[in-house]
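# Structural features, examined
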Amino acid sequence: MTIADVKLVTPEGVDGIELEPCSVVPPDAVIDGKPEEQGAVILESADGNFVIGVWESTPYAETFDAYPGDEFCHVLKGRVTLTDENGESKSFGPGESYVVPKGFKGVFRVEETMRKYYTIYMG
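In short, a report on the structure. It should be emphasised that the depicted structure is a prediction, and the values quoted were computed from it without experimental measurement. (Residues numbered from 1 in each chain as written. Predicted model: local features only at pLDDT ≥ 70, side-chain atom pairs only at ≥ 80, totals over all residues. Heavy atoms only, no water.)

It is worth spelling out the pairing of strand β7 (residues 60–64) at this point. β7 sits mainly inside the fold: four of its five residues count as buried. Sheet topology note: the strand β4 (residues 30–33)/β7 ladder contains three bridges and is antiparallel. Within the sheet, the bridge partner assigned to V30 lies in β7 and is E62. With five bridges connecting them, β7 and strand β11 (residues 106–121) associate as antiparallel partners. When the bridges of β11 are listed, Y60 appears paired with V110. (Buried < 20%, exposed > 50% of the residue type's maximum accessible area, 1.4 Å probe, protein only. Helix = DSSP H or I, 4+ residues; strand = E, 2+ residues; numbered from the N terminus. Pairing = 2+ DSSP bridges.)

A few words on the layout of surface pockets. For the largest pocket, the calculated volume is near 660 Å³. Broken down by secondary-structure element, the contributors of at least two residues to the lining of the largest pocket are β3 (20–22), β5 (37–44), β6 (50–57), β7 and β11. Broken down by class, the residue content of the lining of the largest pocket amounts to 20 nonpolar, two polar and seven charged. Put simply, the second largest pocket is a space of about 170 Å³. (1 Å grid on protein atoms, 1.4 Å probe; cavity = no way out; pocket = protein on both sides within 12 Å on 5 of 7 lines; lining within 4 Å. Points joined across faces, edges and corners; volume = space filled by probe spheres on them. Nonpolar A, V, L, I, M, F, W, Y, C, P; charged D, E, K, R; others polar.)

See below:
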């Protein structure tokens, strides 16, 4: 590894990394809307259990039956609302961060086209 492998991460993007179309939302989990996604992996561990990336989607909603990992997110633009299985909800917008713990059950709703940085541990 060299200094060229060190990436500047700003609210506008990541040095040398462009977003590309992707599909991380399982189609059978979508309950409203049609997500148009793009993203990029910034760093991934050799075993694939730890990933840092950037992800963006148009408005939609999906259900989480049991979230597969522990994820930290920082919202760059847009708005997202998470609602747990008891109906309690929290919304997050630009400049705010949140954590979704492994096993979370509920609804993830992108209210406005949202871009976020994320780190997720799947172990």
